[in-house]
Amino acid sequence: MSSFRVTSNGIFRNYRSNLMKSNKKLSDSMLRVETHRNFNTYAENPAAASEAFQKRRSLWRTYDQIENSDYIVSKFSTGWSAMEDIVDGDSTNDTPSLDGIAEQLRGLNGPTGSGRASLGQSLLAKADSIVKSMNVRYGDEFVFAGADGMNAPFAWDDDGNLTYRGVDVTNGDAGTLKAMAQDEHTYADIGLGIDEKDLANTAYDTALPGLRFLGYGTDEDGESKNMAVLMRELGEIFYRCESDTGYFASDEDEARANVLVEKLHTAMSQVSEQHVKLTADVNYLNSNLKQLNTTKDTLNEQIENIEQIDPADAITSMLWAQYSYNAALRIGTNILSQSLIDYMN
Amino acid sequence: MGTVSTFGTFTMAKLGIYASQKALNVTGNNIANINTTGYTRQEIDQRALQMGGADRYTSKMDMRIGGGTLVTNVNQIRDQYLDIRYRNQQSNVGATDERLSVLEQLSAYLDEVGSGEDDEGMLEARYNEMVTQVEKLVAQGAGKDEYDTLFRSAANAFLTQLKKTAADLDGLQADQEESFRQDLESVNNLIESIRDMNVDIRKSNVYGSQSLLQQDERNNLIDELSKYMHINVTYGEEDLGDDFKIPKLTITTADEPQRTLVDGVYCAQFSIRQVDSGETDDEGNPIMADDPNFNLDLAELTGPRGQSMVTREETVEGVMGDTGERYASASRDITGSYTGDFKLAEDGNIYQARSLRNSGEPDYTPMTGAALVAYGNESDAQAKAQELNDALTDEEKETTEWRVVPYEDEEGYFEVHKFSTSFDSEDAATAAAANLPTEGIDEETGEKYTIEYEPVEKDDKYQLNEARSYTGAAELSDTELYGSLQSSREMLTKSGVFSNAGDLAADPNASGKHGIPFYRQALDVLANQFAAVMNTANQLSDPDKTIYEYDTDGKIKVGDDGTYVLTDPTKTLWSDPDKTVYEYDQDGNIKTIEATIPNEDGTTGTETLYVLRDPKQTIYEYDDDGNVKTDAAGAYVLKDAKHYGRYPGGPLFSSDGNSNNPDGIDASNICISKEWSNGSLRVMTDDRQAELSTSNNNLVHILNLLTGDQQFYTSPADSGAGDLKTDSADSEPFFTGTFAELFTNHMGSTLANDRHVTAVMLNDYNTTADDLYVDRESVSGVDLNDEAINMMMYQKSYSAACRLMTVYDQLLDKLINGTAV
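Thresholds applied
- Residues numbered from 1 in each chain as written.
- Chains lettered and ligands numbered in written order.
- Predicted model: local features only at pLDDT ≥ 70, side-chain atom pairs only at ≥ 80, totals over all residues.
- Heavy atoms only, no water.
- Helix = DSSP H or I, 4+ residues; strand = E, 2+ residues; numbered from the N terminus.
- Rg over C-alpha atoms; globule rule 2.2 N^0.38 Å.
- Buried < 20%, exposed > 50% of the residue type's maximum accessible area, 1.4 Å probe, protein only.
- Contact = heavy atoms within 4.5 Å.
- Lys, Arg positive; Asp, Glu negative; His and termini not counted.
- Charge placed at Lys NZ, Arg CZ, Asp CG, Glu CD.
- Areas by Shrake-Rupley, 256 points an atom, 1.4 Å probe, with all protein chains shown as cover.
- Axes fitted to C-alpha atoms, helices over the stretch in contact; angles between N-to-C directions.
- Parallel < 35°, antiparallel > 145°, perpendicular 65-115°, else oblique.
- Left-handed = near helix turned anticlockwise from the far one by under 90°.
- Nonpolar A, V, L, I, M, F, W, Y, C, P; charged D, E, K, R; others polar.
- Phe/Tyr/Trp six-rings, centres within 6.5 Å; stacked < 30°, edge-to-face > 60°.
- Lys NZ or Arg CZ within 6 Å of the ring centre and 35° of its normal.
- Expected span 1.5 Å × (residues − 1).
- Pairing = 2+ DSSP bridges.
- Salt bridge = Lys/Arg side-chain N within 4 Å of Asp/Glu carboxyl O.
- Core = buried A, V, L, I, M, F, W, Y, C linked by side-chain atoms within 4.5 Å.
- Buried area = accessible area lost by both parts, 1.4 Å probe.
- Patch = residues over 30% accessible without salt bridge, like charges linked within 9 Å, V, L, I, M, F, W, Y side chains within 5 Å.

Draft legend 1. Highlighting the overall build of chain A. Each helix and strand in chain A was counted, giving 10 helices and seven strands. The globule rule puts the C-alpha radius of gyration for 345 residues at 20 Å, and the 39 Å found for chain A is more than 25% above it. The dimensions of chain A, computed from C-alpha atoms along their principal axes, are 145 × 35 × 25 Å. Classification of the 345 residues of chain A by burial places 46% in the buried group. Summarising the internal contacts of chain A: among those between residues at least 6 apart in sequence, 67% fall at separations of at least 24. Within chain A, one finds 31 positive and 52 negative side-chain charges whose respective centroids are separated by 18 Å.

Draft legend 2. Main features of the overall build of chain B. The secondary structure content of chain B amounts to 15 helices and 28 strands. The burial tally for chain B puts 47% of its 821 residues in the buried class. Approximately 40100 Å² of chain B is accessible, and the part contributed by carbon and sulfur atoms is 47%.

Draft legend 3. Region of interest: the packing of helix 3 (residues 98-107) of chain A against helix 9 (residues 251-307) of chain A. Residue and element names in this part refer to chain A. Close contact between helix 3 and helix 9 brings their axes to 11 Å; oriented N to C, the two are set at 160°. The pairing of helix 3 with helix 9 is recorded here as roughly antiparallel in orientation. Regarding helix 3 and helix 9, the two cross each other, and that crossing is left-handed. Residues Leu-98, Ile-101, Ala-102, Leu-105 and Arg-106 of helix 3 form the contact with helix 9, whose participating residues are Val-261, Leu-264, His-265, Met-268, Val-271 and Ser-272. Looking at side-chain class alone, the contact of helix 3 with helix 9 contains eight nonpolar, two polar and one charged residues.

Draft legend 4. Examining the packing of aromatic side chains more closely. Considering all chains together, one arrives at 24 aromatic pairs over all chains under this definition. With centroids separated by 5.9 Å and ring planes inclined at 20°, the aromatic side chains of Tyr204(A) and Tyr284(A) adopt a geometry described as stacked. Taken together, the residues Tyr204(A) in strand 7 (residues 204-205) and Tyr284(A) in helix 9 connect sequence positions 80 residues apart. Owing to a relative accessible area of 11%, Tyr204(A) belongs among the buried residues under this scheme. Measuring from ring centre to ring centre gives 5.8 Å for Phe498(B) and Phe518(B), while their planes differ by 45°; the resulting arrangement is tilted. Of this pair, Phe498(B) sits in the loop between helix 9 (484-493) and helix 10 (501-506) while Phe518(B) is found in helix 11 (residues 516-537), placing the two residues 20 residues apart along the sequence. Among the aromatic side chains, those forming a connected cluster through ring pairs are Tyr127(B), Phe151(B), Phe158(B), Phe530(B), Phe653(B), Trp676(B), Phe712(B), Phe735(B) and Phe739(B). Of note, Arg13(A) hangs over the ring of Tyr773(B), and the distance from its end group to the ring centre comes to 3.7 Å. Taking the ring centre of Trp156(A) as reference, the NZ or CZ of Arg232(A) above it sits at 4.3 Å.

Draft legend 5. Seen up close, helix 1 (residues 8-35) of chain A. Residue and element names in this part refer to chain A. Between its first and last C-alpha atoms helix 1 spans 40 Å; for 28 residues at 1.5 Å apiece the expected length is 40 Å, and the two agree. Buried within helix 1 are the following residues: Ser-8, Asn-9, Gly-10, Tyr-15, Ser-17, Leu-19, Ser-22, Leu-26 and Ser-29. One or two positions beyond helix 1, positive phi appears at His-36, with a value near 60°.

Draft legend 6. Structural view of the sheet that holds strand 4 (residues 162-164) of chain A. Residues and elements named next belong to chain A. One open sheet holds the three strands; their spatial order is 3-4-5, and the pairing between them is antiparallel. Here the strands that pair on one side only, and so sit at the sheet edges, are strand 3 (154-156) and strand 5 (167-168). The pairing of strand 3 with strand 4 spans three bridges and is antiparallel. Bridge pairing in strand 4 links Phe-154 to Tyr-164.

Draft legend 7. Geometry of the side chain of Asp281(A). Note that Asp281(A) resides in helix 9. This buried residue, Asp281(A), is left without a salt bridge; Lys277(A) holds the nearest opposite charge, at 4.1 Å.

Draft legend 8. Representation of unusual backbone geometry. All names here are of chain B. Note the cis peptide between Glu-256 and Pro-257, where omega equals -10°. Relative to the helices and strands, Pro-257 resides in the loop between strand 4 (245-253) and strand 5 (260-263). Phi angles above zero are rare outside glycine, and Asp-243 is one such case at about 60°. By the secondary structure assignment, Asp-243 is in the loop between strand 3 (231-239) and strand 4. The phi dihedral of Phe-294 falls on the positive side, at around 50°, and the residue is not glycine. Its location among the elements puts Phe-294 in the loop between strand 9 (286-290) and strand 10 (296-298).

Draft legend 9. Representation of the nonpolar core within the structure. With 65 residues, the main nonpolar core has Leu106(B), Phe530(B), Phe653(B) and Leu706(B) as its most contacted residues. If you list the elements that add at least two residues to this core, you get helix 2 (80-110), helix 3 (123-141), helix 4 (145-206), helix 11, helix 13 (697-707) and helix 14 (739-780) of chain B. Among the elements that line this core, the one with the most residues is helix 11 of chain B, at 13 residues. In terms of nonpolar packing, the next biggest core, distinct from the first, is built from 58 residues, Val143(A), Leu234(A), Leu264(A) and Met268(A) among them.

Draft legend 10. View of the packing of helix 8 (residues 227-240) of chain A against helix 9 of chain A. Residue and element names in this part refer to chain A. Closest axis-to-axis distance for the helix 8/helix 9 pair is 9 Å, and the angle between their directions is 145°. Considering only the axes of helix 8 and helix 9, their crossing is left-handed. Every residue of helix 9 that contacts helix 8 at Met-227, Leu-230, Met-231, Glu-233, Leu-234, Ile-237, Phe-238 and Arg-240 is listed here: Asp-253, Arg-256, Ala-257, Leu-260, Val-261, Lys-263, Leu-264, Ala-267, Met-268 and Val-271. When grouped by side-chain class, the residues that make up the contact of helix 8 with helix 9 number 13 nonpolar, no polar and five charged.

Draft legend 11. Geometry of the pairing of strand 8 (residues 274-280) of chain B. All names here are of chain B. With four bridges connecting them, strand 8 and strand 9 associate as antiparallel partners. By the bridge assignment for strand 9, Thr-280 is matched with Pro-286. Hairpin connection between strand 8 and strand 9: a loop of five residues separates the two successive antiparallel strands, and Gly-284 in this loop has a positive phi of roughly 85°.

Draft legend 12. Summary view of the interface of chain B and chain A. The partner chain A presents 55 residues to the 68 residues of chain B that form the contact. Roughly 5400 Å² of surface becomes buried between chain B and chain A when both sides are summed, with 51% attributable to carbon and sulfur atoms. The three residues of chain B that bury the most area against chain A are Val113(B), Glu135(B) and Thr694(B), which together make up 11% of that side's buried surface. Where chain B meets chain A, there are nine salt bridges. Of the charged contacts in the structure, one is a salt bridge between Arg5(A) and Asp786(B), with a shortest N-O distance of 2.7 Å. The dominant element in the side of chain B that touches chain A, judged by the number of residues it contributes, is helix 14 of chain B, at 18 residues. Split into classes, the residues belonging to the side of chain B that touches chain A amount to 23 nonpolar, 25 polar and 20 charged.

Draft legend 13. Molecular detail of the sheet that holds strand 5 of chain B. Residue and element names in this part refer to chain B. Reading across from one edge, 3-4-5-6 is the order of the four strands in this open sheet, with antiparallel pairing throughout. The strands lining the two open edges of the sheet, one partner per strand, are strand 3 and strand 6 (266-267). Bridge count for strand 4 against strand 5 is three bridges, and the pairing is antiparallel. The residue of strand 5 that forms the bridge with Ile-251 is Val-262. Taken strand by strand, helix 4 contacts strand 3, strand 4, strand 5 and strand 6, and its axis lies near 170° from that of strand 4.

Draft legend 14. Spatial organisation of the environment of Thr27(B). Residue and element names in this part refer to chain B. Secondary-structure assignment places Thr-27 in helix 1 (residues 8-32). Residue Thr-27 is classed as buried on the basis of its relative accessible area of 3%. Spatially, the C-alpha atoms of Thr-27 and Arg-64 are 33 Å apart, while their sequence positions differ by 37 residues.

Draft legend 15. Spatial organisation of the pattern of salt bridges. Residue and element names in this part refer to chain B. Within this structure, the stated rule accounts for 49 salt bridges over all chains. Taking the shortest distance from any N to any O, the salt bridge between Asp-170 and Arg-520 comes out at 2.7 Å. Linking Asp-170 in helix 4 with Arg-520 in helix 11, this pair joins segments that are 350 residues apart in sequence. Accessibility expressed as a relative area gives 35% for Asp-170, which makes it partly exposed. Of the charged contacts in the structure, one is a salt bridge between Asp-290 and Arg-181, with a shortest N-O distance of 2.6 Å. Residue Asp-290 is located in strand 9, and its partner Arg-181 is located in helix 4; the two are separated by 109 residues in the primary sequence. Residues joined by salt bridges that share partners form a network here, namely Asp-478, Arg-489, Glu-490, Lys-494, Asp-507 and Lys-513.

Draft legend 16. Just a nonpolar patch on the surface, in detail. On the surface, a nonpolar cluster with roughly 400 Å² of combined accessible area is contributed by Val206(B), Tyr207(B), Leu240(B) and Phe244(B). As for its position among the elements, Phe244(B) is in the loop between strand 3 and strand 4.

Structure follows, in structure tokens:
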């Protein structure tokens, strides 16, 4: 064996193989520039590709969570507006604000009061308006219906009692009322890492049970804790007063009114509190939405960093590959064909 | 003075011209064949001619001059060591090239990088779209038909993509199988062609020809074969007698145990092992089929006319080890030769199956396969029997006993027999009638041999001779070969973590080898588990299916009496005309009560009964009499179809689009169930049977299933009840992660890493193979510079020889015509 002997076909074979490699490099670098991708198959960079898929999956979910949040914000905002109408009064229906009612009630503190009858009328209208507001819908869904969004939650029954899903809000079974007010949840994924084992901390409860907002059941004196019920009963009593003098229709009415006024103040302040809480909820959802949008941008950037080329780098590599390939071609045309035979006479 | 004839010098010039001309011919042949594949450069073998013999009269003044030149041979210039290295490398190239080729085809279906809209992948994107619909269903769609439909459409798109991928892999598997068969045929053809070339070359050699071009052609074939498998080529000699030897080529597989593929004019052929398919033909004979693992058999070495070649012969004797005495296990018939069913066991003992004489105690009979050992004296026999009895386990002792009995035909000899109470006399009779095996397989090497038995004469009664003839035939083990054929087979059969115990026994590294079946089976697991967890999540009344019997549609079976059929018949079913569900305790079991039941005879008794849920809380409409309403077709009327929270649920996915069968689901048959697709079944929004229209706790559960981690096992423990994959024998899951991660991250990265590593290896092997090729070329190849120089050299020598002839001609002319005239 002579390692010094180099044969014509040996040179050709080497040349062919190197030319192919050079061409492959050029083709790969061109593909990178054309597709703007660092890798075009999983095998080119398994670790990066795997990471990119995880990030993309997170991005999908973030988009979902943004959409979920948008929906919930809208639903809660609709609920908030309804509560706003209740608390601050509705100019279109000309119903008073809760503060206005409280003011008027304080003004009618004496044994007489000429405004009682008209206040009574106003209270009755307000009680009806509250129920209508609480039956507000967002899309197909009743906002304040807890987990039974397809059915209107509040209604006055034939006996004038307010019912929530058919259960008397004052005298209905206390356990049932509590369950409907406290134990109904409809959780949604807004990017808190939803885990069914700990939904309270990892998901957002979108259920807004109307009972919780207006109050339910009876207090220690056996009186209703529901604002609309109290308002309606008080309204009826005031409505029965003499329109001119404001005298109560009976002593019982007066005694009852005194009790109810006090209870109504408490109920109204609790409704106002719920309104404030709902405001805080909407604010929280809005800030969470902003956070999700930031996450979305960050994820997009991370995915780009993994998958996308640095154009300067990629184009420089491609030009270098092109240069090498051209040089290899030149060798082929100029040098390879020569041998002693070409110089023989 | 040396005797040189007057015209002898002409001959010298003539030889010079001949030699140069031949050399020029060889140069021309080299140049002409410069591009002929496998051509080996040739050169002439030239020797100076010395006129032989002694002169009759010698003088010390005498001197000898050579007689010119002779061309004795044309040689090839080859380096066999380089051939070996090149061919070794070729098997590496073949093995990785084939592997990479299949991996690339797999990637076409499974590699999601850069595919799909916005590079989101295909199956990955369909899965994510499906999860998006579930997210929407959770956040805003509970109780709304349109969201349920959107989820179903997205799920259907996912399943369609999954089935397409599975079908693509099935197609690839079929293509790969065909490709393997073609490769096998190519290998067989190559081996046969090499054998045929050997026959030609041998013939030429016998007649004294060198057959250089045939050798080139044979080398080409061997190079080709070396891609398919790692081979070892040796050049030996064949002695034709009278000290006349010719070269002989032998090719074996390179790794132990080396199988002979070509031995001179004999060659072997590969075939796919035939195994019992489990089916029988019309006559009840088993139908044989190709081994699903595509294991290979090597047939015996045969010559061009089909004559077989015996590679080795062995004689095996049965010898009693501990006493040194020879023994026989044969009984003699009246002619004095031995008959019976002999078996030579691994322990060196000879065993015989036959019906032996009765010991006199009918409860003990000699056992099939019991050793019969003959001894020259009774005490030795007793000692042996005692030793054998001591070696029995307590359990064996209950049915087995070794006893000494006199050897009937030879006085003073005794035999030790194994007796058993559980002896089956019919088996013994069958065994006794059976013939001796004529073929065996060496357990260590898989090599096949034929067996002949030497008749045992009376004087040799303690010896049984077994002659084994090896013909090269063998059953190849799973990992014996290396090269493209083996890679092709591995990609066709290896299933990674899905390898069963048999696969692992055949190849201890099987669990790390990922062929097409791995990816296909992983898809099945994905489909099966996806369907199982979703179906389970969507069924309310009996999530574990422990209480009721189910029919193939996934519905609870109804008995003749109109009640549900319980899986536990020991508990009496309280009459359940409304077919309502039961109250469950915290452990998920039906609550029971002790009820007083009137007996037929008027007395009363106590019975344990299931507690029914409040009938008014059931899912059906009731009439004024408290009976469940039925529609025109007799089916119960649901209370409110829109109240999905009240819905009892059912399988969302089935193994057949025209049914609701949740069993036997895999990636090729998974479908939206009939009920879900026609809208009579919905995704259950609530699993607590609360009558709440937008309650979504079950939807949250489903979302968690789709986005949370699952444990994936390799095989189903239970084929019923939704086929949830769990494997008691293999309690560790092979992967824990989400469904999408199983596909994209686990399967995807396994494939990607395999492909990446294989491509790097192939590149290395190719570079080395190229280097070796060039090295080989540097020895054996034609170089134009070389040949140009030769051409000039031989041209000059030719001219010089011609010139020499002219000079002699002038000399002779002077001598003849110009001298002394």
